[in-house]
Amino acid sequence: QVQLVESGGGLVQAGESLRLSCVVSGSIFRFNNVDWYRQVPGNQRERIAAITSSGSTNYADFAKGRFIISRDNAKNTTYLQIVSLKPEDTADYYCNLPWVTYYGDDSRPRTAHDVWGQGTQVTVSS
């Protein structure tokens, strides 16, 4: 069992900042990368940033400078800070585990790919 829960979204004015959270829970064996995506309804989901278990980060070009990904392994939480929000940042924000090994009902490790949370909405008004 693997669960991802995003939180921290809301309605903000342009220029303000938010920090989104992604909590991973369940009978986790191990996972490395955590990715953040965003999606406007009807549009293609786009990757924002990725972070490894050791803290190495990778950002999409559009995200460099205003988006900061971080994680607290002790809390199984990954964060996405968005600075100086713009109206075009309005979207649903998701976290994703590209790969995770967890304990199944038989207590033996199993692997899942592309595990998604339900997302958190960010709405930026001008």
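Scroll up a little and you will see the structure.
Calculation notes
Residues numbered from 1 in each chain as written. Predicted model: local features only at pLDDT ≥ 70, side-chain atom pairs only at ≥ 80, totals over all residues. Heavy atoms only, no water. Core = buried A, V, L, I, M, F, W, Y, C linked by side-chain atoms within 4.5 Å. Buried < 20%, exposed > 50% of the residue type's maximum accessible area, 1.4 Å probe, protein only. Helix = DSSP H or I, 4+ residues; strand = E, 2+ residues; numbered from the N terminus. Contact = heavy atoms within 4.5 Å. Pairing = 2+ DSSP bridges. Axes fitted to C-alpha atoms, helices over the stretch in contact; angles between N-to-C directions.

A. Spotlight on the nonpolar core. Of all hydrophobic cores here, the largest spans 31 residues; its most connected members are Val-2, Trp-36, Leu-80, Tyr-93 and Leu-97. If you tally residues by element for this core, the top one is strand β10 (residues 91-103), at six residues. Excluding anything up to four places from it in sequence, Leu-97 contacts Val-2, Leu-4, Val-24, Phe-31, Asn-33, Val-34, His-113, Asp-114 and Val-115.

B. Structural view of the environment of Pro-41. Among the structural elements, Pro-41 can be located in the loop between β5 (34-39) and β6 (46-51). For the pair Pro-41 and Val-122, spaced 81 residues apart in sequence, the C-alpha separation works out to 12 Å.

C. Summary view of the sheet that holds strand β9 (residues 77-82). The strand order across the open sheet built from four strands is β1-β3-β9-β8, with neighbouring strands paired in antiparallel fashion. At either margin of the open sheet sits one strand with a lone partner, and together these are β1 (2-7) and β8 (67-72). Ignoring strand direction, the axes of neighbouring strands in this sheet form an average angle of 15°. Judged from the six bridges that link them, strand β3 (residues 18-26) and β9 form a sheet pairing that is antiparallel. Within the sheet, the bridge partner assigned to Leu-18 lies in β9 and is Ile-82.

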